[in-house]
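Topology and contacts: notes
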Amino acid sequence: MRALVAPDKFKGSLTAAEVARWLAVGLADAGVAVRQLPLADGGDGSVDAAVAAGFSGRSCTVASALGTPRRATLAVRGDTVVVEVANTCGLVTLPGGRRQPLHASSLGLGQAIRQALRLNPRQVVLALGGSASTDGGMGLLTALGFRFFDAAGRVLPPSGRALLEIAAIDTAAAVRLPPIDLLVAGDVTNPLTGFEGAAAVYGPQKGADPATVCLLDRGLRHLVDMLSRDGFPEADRLAAMPGAGSAGGIGFAALLLGARMASGAEFFLDLLDFDRHCAEADLVITGEGSLDAQTEHGKLPAVVARRAGPVPVVAVAGRTEVAGNHRGRNGFADVYALTDYTDRDTAGDPALTAELLVRIGGEIGRSRLLESIGVRQVESLPETVSSVNSAGRR
């Protein structure tokens, strides 16, 4: 039996590559041939998934969410470059994890894009998950040569707080992008402002209290007004587009630069050649940290199940809210959750998560191997086989 292990990350615990590796250990112990294909959907971990699938990692120095220098990685293959918010200026770059919604910016992502342009790509993919800022892409635009001034004529460093201080915008020195395919890979459909906008929906996740959410939303609206006045008459239309509110408004800035939006899960499955790998498998194992009511609405495990076609798909999650009668609707032949194996919280315990994934991998492997030879219950096996299976359990 050949299994394709193609999970997303277990956020806060293990990367997609680590999840795949520990499941593969258990499957291999059960006698299953395994191919690992760590996946991403445009969120944090997208660059790592691309590198694991054969892209080359290229280091660059950028500004963190608060402006301090840090090393980040681009994923490069041929004329395609993947650039990620999370490892440039995302939440993970904040000192001590302390969230700074008014001071964080997207400057580092813009600097990474400039580095990517030096490679003469045909396509630059922006993975926008894990952002720390709500600056409407002010930082990204600053890195590309936009200059924002306050009422006194002083240049404003980018941040969420600075949005309301913008009195003029100068694009004379802005980088003119070559004719490339600038693509935002993600599944956020929020507009930039309003009750469904970047600040209102995602600001609290970045540390914004209600008063700060209102301040940031006003700032984003002001940014749109200033851009509309200073040379970008399409700014208001772009701000209302689905996805403009992704990553604190970085999606809006990307649209302003001519980017197109694409489903993150679908795009990365294509980028990482999922269909070819799936065609060579008898079983696909996917998963992520949490399976919930949103899973069937375009989250990566459900997309994997749909793309797998006739190949059965088993999902593994840290926890699941998907009831048994809904699992088939998501396309899963079976669902395993870590919470069924322990009362401890695995979200912040990588070692325990790894141990349980090995165990689950073994159980999946043994059950599928038994089914492949027409045996549904271990009790019906000869004693010698039962003994072997018992000895193999962890």
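About the criteria used
Residues numbered from 1 in each chain as written. Predicted model: local features only at pLDDT ≥ 70, side-chain atom pairs only at ≥ 80, totals over all residues. Heavy atoms only, no water. Phe/Tyr/Trp six-rings, centres within 6.5 Å; stacked < 30°, edge-to-face > 60°. Helix = DSSP H or I, 4+ residues; strand = E, 2+ residues; numbered from the N terminus. Buried < 20%, exposed > 50% of the residue type's maximum accessible area, 1.4 Å probe, protein only. Pairing = 2+ DSSP bridges. Salt bridge = Lys/Arg side-chain N within 4 Å of Asp/Glu carboxyl O. Contact = heavy atoms within 4.5 Å. Axes fitted to C-alpha atoms, helices over the stretch in contact; angles between N-to-C directions. pLDDT = per-residue confidence, 0-100. 1 Å grid on protein atoms, 1.4 Å probe; cavity = no way out; pocket = protein on both sides within 12 Å on 5 of 7 lines; lining within 4 Å. Points joined across faces, edges and corners; volume = space filled by probe spheres on them. Nonpolar A, V, L, I, M, F, W, Y, C, P; charged D, E, K, R; others polar. Domains from an automatic or database assignment.

Attention now goes to the packing of aromatic side chains. Inspection of every chain in the model, using the stated rule, returns 3 aromatic pairs. When the centroid spacing of 5.8 Å and the interplanar angle of 25° are considered together, the rings of Phe146 and Phe232 count as stacked. Remark: Phe232 occurs in the loop between helix H7 (210-229) and helix H8 (235-239) and Phe146 occurs in the loop between helix H5 (138-143) and strand S7 (147-149); sequence separation between them is 86 residues. Ring centres 5.6 Å apart and planes at 90° place the aromatic pair Phe267 and Phe268 in the edge-to-face group. Here the two residues Phe267 and Phe268 agree in accessibility, since each one is buried.

What follows concerns the pairing of strand S3 (residues 56-63). Pairing of S3 with strand S4 (residues 69-77) involves 8 bridges; the strand directions are antiparallel. Note on S4: the bridge partner recorded for Cys60 is Ala72.

On to the pattern of salt bridges. The tally for this structure, following the rule as stated, stands at 21 salt bridges. Taking the shortest distance from any N to any O, the salt bridge between Arg229 and Asp230 comes out at 2.9 Å. Classification of Asp230 as partly exposed rests on a relative accessible area of 22%. We note a salt bridge from Glu321 to Arg319, for which the minimum N-O separation is 2.6 Å. The partly exposed category is assigned to Arg319, whose relative accessible area is 40%. Several salt bridges share partner residues, and in doing so they unite Glu266, Asp270, Asp275, Arg306 and Arg307 into one network.

On to the environment of Ile360. When you line up the elements, Ile360 lands in helix H14 (residues 350-372). Classification of Ile360 as buried rests on a relative accessible area of 0%. Between the alpha carbons of Ile360 and Val92 there is a distance of 29 Å; along the sequence they are 268 residues apart. When neighbours within four sequence positions are excluded, Ile360 is seen to be in contact with Leu23, Val316, Tyr336, Leu338 and Tyr341.

Negative phi is the rule for most residues except glycine; trans is the rule for most peptide bonds. Even without being glycine, Asn120 reaches a positive phi, approximately 55°. With a phi angle near 55°, Ala247 is a residue other than glycine that sits in the positive phi range. Checked against the element boundaries, Ala247 lands in the loop between H8 and helix H9 (250-256).

This part covers the sheet that holds strand S11 (residues 283-291). Taken together, 5 strands build an open sheet; the order of strands is S2-S1-S11-S12-S13 and the sheet is parallel. Whereas interior strands pair on both sides, the edge strands pair on one side only; in this sheet they are strand S2 (33-36) and strand S13 (334-337). The sheet shows a mean angle of 25° between the axes of neighbouring strands, taken without regard to direction. With 4 bridges joining them, strand S12 (residues 313-320) and S13 adopt parallel strand pairing. Its bridge partner being in S13, Val316 is matched across the sheet by Tyr336. Lying over the sheet, helix H1 (residues 16-29) contacts strand S1 (2-5), S2, S11 and S12, oriented at roughly 175° with respect to S2.

What follows is about the confidence of the model for the protein chain. With 91% of its residues at a pLDDT of at least 70, the protein chain reaches an overall mean of 90. For residues 375-394, every residue scores under 50 in pLDDT, and the model assigns this stretch 17 contacts once sequence neighbours within four places are set aside.

So, about the layout of surface pockets. Size it by volume and the largest pocket reaches roughly 1,400 Å³. Along its surface, the largest pocket is lined by 49 residues, and Lys9, Lys11, Asp41, Asp44 and Lys299 are the ones closest to its centre. Residue contributions to the lining of the largest pocket peak at 3 residues, all from S11. Looking at the lining of the largest pocket, its residues break down into 14 nonpolar, 21 polar and 14 charged. Inspection of the lining of the largest pocket shows a minimum of three residues originating in each of domain 1 (2-38 + 282-373) and domain 2 (46-264). In this structure, the second largest pocket spans a volume of roughly 450 Å³. Around the second largest pocket sit 26 residues that line it, and Lys9, Thr15, Asp44, Gly45 and Val92 are the ones nearest its centre.

The subject of this paragraph is the sheet that holds strand S9 (residues 181-185). Spatial ordering of the open sheet is given by S3-S4-S5-S6-S9-S10, a layout of 6 strands whose pairing is mixed. Taken across any chain shown, the strands that pair with only one partner, and hence form the sheet edges, are S3 and strand S10 (260-262). Pairwise comparison of adjacent strand axes, ignoring direction, gives a mean angle of 30° for this sheet. For strand S5 (residues 80-84) and strand S6 (residues 123-127), the ladder comprises 5 bridges, and the chain directions are parallel. Each bridged residue has a counterpart across the sheet, and for Thr80 the counterpart in S6 is Gln123. Sitting on the sheet, helix H4 (residues 107-117) touches S3, S4, S5 and S6, and the angle it makes with S3 is about 135°. This element, helix H10 (residues 264-271), spans S4, S5, S6, S9 and S10 of the sheet and lies at about 120° to S9.

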